[in-house]
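Given next are the chains, with one letter for each unit.
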Amino acid sequence: MSEERAEKIAKMAELLDDAAVTATAIPQLTKVFSLGVDTAYAVQEALVGRRLARGEKLVGIKMGLTSRAKMAQVGVHEVIWGRLTDATAIPDGGTVRTAGFIHPRIEPEVAFLLRGGEIAAVAPALEIIDSRYANFEFTQPDVVADNTSAAAYTIGPWQAAPADLANLGVLLEVDGRVVQTGSTAAILGDPRRALAEGRRLTARHGVKLADDWVFLAGAATEAVPLRPGAHVRAVVQGLGSASIKAALA
Ligand code: OOG
Ligand code: MG
């Protein structure tokens, strides 16, 4: 890699890292730099590399934009993937401070636990996304560089995967009220397909899904704003639920 390219990647990673750490939005990188998708994945690696250098551990992969609902919401129509670190895991039923984020949104997910190249368990999950870009607006390279807006996640009870995951009802509740409904069928037709796609797309960048990693298949519905004081629950038919509380301040 040329020195100039390496410097540019490091600079973009630093901008995104600072934005996340200080919870301050930045302009889209593509408005300032010329940035393609391949370089954006290199920025993502450098960005997460900064977190790992601070002692965080890589614990999995998340897919993004695996449903039409999500693609339409953000105006990017390509499947993307990002990296999960241990510091962003919130225990099921736990509390999260929204003040640490810029403009957090929350969405229902299906999670897989991987072992020996297989699905060892499945769980309902929640993901908090928080684009580091102003107004939550971005192009595909922007959102890839920004680790696909990953901010935090919560996993519900792990259980053996049912034979059929392809058409389970999905609900997102805020304060006991249903705000989004969908089906696991919205996730590339079947969340298992998201896993196959995740394997393929990560391999392109030299990443191999490892044992005990968590894999988020991507939201089946639009994300909704996460407001202070909210109690949020994702329910996946037959799998139970995952929940979090947003602290009041
Ligand atoms: C990008 C991340 C998308 C999903 O589940 O589709 C994502 C975004 O919406 O900001 O995590
Ligand atoms: Mg997601």
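Residues numbered from 1 in each chain as written. Chains lettered and ligands numbered in written order. Predicted model: local features only at pLDDT ≥ 70, side-chain atom pairs only at ≥ 80, totals over all residues. Heavy atoms only, no water.

A word on empty space enclosed by the protein
For clarity, the threshold we go by: Residues are said to line a cavity or pocket when one of their atoms sits within 4 Å of a point; the points come from a 1 Å grid over protein atoms alone, cavities being sets where a 1.4 Å probe fits but cannot get out and pockets being open sets with protein on both sides within 12 Å along at least five of seven lines. Grid points are joined across faces, edges and corners, and a volume is the space filled by probe spheres set on the points. In this description a helix means any DSSP run of H or I spanning at least four residues, a strand means any run of E spanning at least two, and both kinds are numbered starting from the N terminus.
One pass over the full model with this rule turns up 2 cavities of 30 Å³ or more. R51, T88, R132, N147 and A150 are the residues nearest the centre of the largest cavity, which is lined by 18 residues in total. Among the elements of the structure, helix 1 (3-22), helix 2 (37-53), strand 2 (80-85) and strand 6 (150-155) are those that each provide at least two residues to the lining of the largest cavity. Per element, the largest residue contribution to the lining of the largest cavity is 4 residues, and it comes from strand 6.

Digging into the coordination of the magnesium ion (ligand 2)
Spelled out, the test is: Metal coordination here is assigned from N, O and S atoms located within 2.8 Å of the ion, or within 3.2 Å for Na, K and Ca; omission of water means that sites may look incomplete. For the exposure calls, accessible area comes from a 1.4 Å probe over protein chains only, and a residue counts as buried if that area is under 20% of its type's maximum, exposed if over 50%, partly exposed in between.
Protein-derived ligands of the magnesium ion (ligand 2) are E107 (OE), E109 (OE) and E127 (OE), with the metal-ligand distances lying across 1.9 to 2.0 Å. Written as a sequence motif, the donor residues of the magnesium ion (ligand 2) are E-x1-E-x17-E. Of this pair, E109 sits in strand 4 (residues 105-115) while E127 is found in strand 5 (residues 118-129), placing the two residues 18 residues apart along the sequence. A residue is classified by how much of its surface remains accessible, and E109, at 1% relative accessible area, is buried.

Considering helix 5 (residues 191-203)
Put simply, the rule is: Here, expected helix span is obtained from the residue count minus one, scaled by 1.5 Å. The arc in question is the one traced by the directions running from the helix axis out to the C-beta atoms. Every residue pair with non-hydrogen atoms within 4.5 Å of one another is taken to be in contact. Polar contacts here mean pairs of N or O atoms no more than 3.5 Å apart (in protein, one a potential hydrogen donor and the other a potential acceptor; neighbouring residues in sequence count only if both atoms are side-chain atoms).
Compared with the 18 Å implied by 1.5 Å per residue over 13 residues, the 18 Å span of helix 5 between its first and last C-alpha is a close match. Every buried residue of helix 5 is accounted for by P191, A194, L195, G198, L201 and T202. Across the axial projection of helix 5, the buried residues extend over an arc of 135°, all falling on one side. The elements touched by buried residues of helix 5 are strand 1 (58-64), strand 2, strand 4, strand 5 and strand 9 (214-216). Looking at where helix 5 begins, the residue whose side-chain oxygen comes 2.9 Å from the main-chain nitrogen of R192 is D190.

A look at helix 2
Taking 1.5 Å as the rise per residue, helix 2 with 17 residues should run 24 Å; its terminal C-alpha atoms sit 24 Å apart, in good agreement. Of all the positions in helix 2, only T39, A40, Y41, A42, V43, Q44, L47 and V48 are classed as buried. Just downstream of helix 2 lies G55, where phi reads positive at about 110°.

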